[in-house]
Amino acid sequence: MSSQTFHAAPRWNNYSRTTGSKLTHNTAGTSPIEESRSETQRGTCSSPRAYLHLMLRELKRRGRLELETTMIDSAQVRAFGGGDRSGPSPVDRRKPGTKYTVLVDARGTPLAMQTAAANVSDHRQILSTVVRYPQIGGTRGRPRNHPAKLYADAGYDSNATRELLLVMGIEPIIRRRSTPHGSHLGKVRWVVERTISWIKGLRRMRIRYDRHPTIIDAWNHLALAAVCFRILCQPD
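Residues numbered from 1 in each chain as written. Predicted model: local features only at pLDDT ≥ 70, side-chain atom pairs only at ≥ 80, totals over all residues. Heavy atoms only, no water.

(A) Structural context of the overall build of the protein chain. Each helix and strand counted, the protein chain has eight helices and seven strands in total. Counting over 236 residues, the protein chain shows a buried share of 46%. Considering only residue pairs separated by 6 or more positions, the protein chain has 62% of its internal contacts joining residues 24 or more positions apart. If you sum the accessible surface of the protein chain, you get close to 12300 Å²; carbon and sulfur atoms cover 49% of it. (Helix = DSSP H or I, 4+ residues; strand = E, 2+ residues; numbered from the N terminus. Buried < 20%, exposed > 50% of the residue type's maximum accessible area, 1.4 Å probe, protein only. Contact = heavy atoms within 4.5 Å. Areas by Shrake-Rupley, 256 points an atom, 1.4 Å probe, with all protein chains shown as cover.)

This is how it looks when you write it as C-alpha cells:
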C-alpha cells in the first residue's frame, strides 16, 4: 500500500460506482446479524455490520485479503462521561477510558474489533476478539472460520490462552513476558499498530462519547468499514 497520508473519511457515494453495490436503509426490522448475512449476498447494506462485511467481501474478491495470518493489539481512548464498557484508565490518571482490541489480517485490513473497560487486561480480550473472526465470501470455496496463525505482543502472554488457541486450530505466536527483546515480531505486527492509528484518526473514535453498548458497536463497525473502504480505494 502507498505510504501517502491516510484519510479515513469515506465517500460512500463513490462505492456504488466502484463496485455496483447499493447502500440502503433498514426498514424491515431484522437483526444486524440477519441483515449482514442476507444483504451482503444481495449487494445492499442497511446496518453498520453489513457495511463492514460488504467491504471485506469486495476486498477478498479482488484478492487483497490474507486471512490465514492475523495480528491483534489494543489501544485506549478516553470515554467522555463514562458509561458502559468504560473504566479507570491506568495510563490516563484513572480517568474513564475504553480499550479497543483490533484483529487484522496480514496486510493490516481490520477484521474485527471489540471494546472493553480501559482497566481490563489484554489477555482477557484475545479469545473474545478472535471468535469474532468473520466468515467472508466473495470467492469459490468455503470461507475460513478461524485464522491459521495469530501474532500478539507480550501483553497477551498466557499459557492458558495458548492452549485454547491450539485447540481452536490457531498457532499462537505471542512474545513471552520477561524475555529479552529481539524476537523480531515487530516486523510482522507493525500493520496492526498502523491500523489502530487509522481508527483513532477518526474523530468519533478518538474520544468515546456514546454510553450504550449497541451504539458503541455500531460505531466500531462503521469505523472498520471506513478503513476498509479507504484500503479498497488505494492502488494495489
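(B) Broad picture of the nonpolar core. Grouped together as the largest cluster of nonpolar side chains are 46 residues, with contacts concentrated most on Ile72, Val102, Met113, Ile126, Leu150, Ile199 and Met205. At eight residues, the largest contribution of residues to this core is made by helix α8 (residues 213–233). Excluding anything up to four places from it in sequence, Ile72 contacts Thr101, Val102, Leu103, Ile126, Thr129, Leu150, Tyr151, Ala152, Tyr156, Arg189 and Val192. (Core = buried A, V, L, I, M, F, W, Y, C linked by side-chain atoms within 4.5 Å.)

(C) Expanded view of the pairing of strand β4 (residues 110–117). Counting buried positions along β4 yields eight of eight residues, so the element is predominantly enclosed. Judged from the seven bridges that link them, strand β3 (residues 96–105) and β4 form a sheet pairing that is antiparallel. Bridge pairing in β4 places Tyr100 opposite Thr115. Here β3 folds back onto β4, and the loop between the two strands holds four residues, one of which, Gly108, carries a positive phi near 95°. (Pairing = 2+ DSSP bridges.)

(D) The arrangement of a nonpolar patch on the surface in detail. On the surface, Phe80, Ile207 and Tyr209 cluster together to form a nonpolar patch covering roughly 310 Å² of accessible area. Position of Phe80 among the secondary structure elements: in the loop between β1 (69–79) and β2 (87–88). With a relative accessible area of 55%, Phe80 lands in the exposed category. (Patch = residues over 30% accessible without salt bridge, like charges linked within 9 Å, V, L, I, M, F, W, Y side chains within 5 Å. Salt bridge = Lys/Arg side-chain N within 4 Å of Asp/Glu carboxyl O.)

(E) Region of interest: the environment of Arg49. One can find Arg49 in helix α3 (residues 48–61). Separated by 170 residues in sequence, Arg49 and Trp219 place their C-alpha atoms 9.6 Å apart.

(F) Structural context of unusual backbone geometry. Here the phi dihedral of Arg85 falls at roughly 60°; this positive angle occurs in a residue that is not glycine. Relative to the helices and strands, Arg85 resides in the loop between β1 and β2. One non-glycine residue, Arg93, lies in positive phi territory at about 50°. Position of Arg93 among the secondary structure elements: in the loop between β2 and β3.

(G) Examining the side chain of Thr115 more closely. When you line up the elements, Thr115 lands in strand β4. A polar atom in the side chain of Thr115 sits 3.0 Å from the side chain of Arg85. Thr115 has contacts with Arg85, Thr98, Lys99, Tyr100, Ile216 and Asn220, leaving out every residue within four places of it along the chain. (Polar contact = N/O pair within 3.5 Å; in protein donor to acceptor, adjacent residues only side chain to side chain.)

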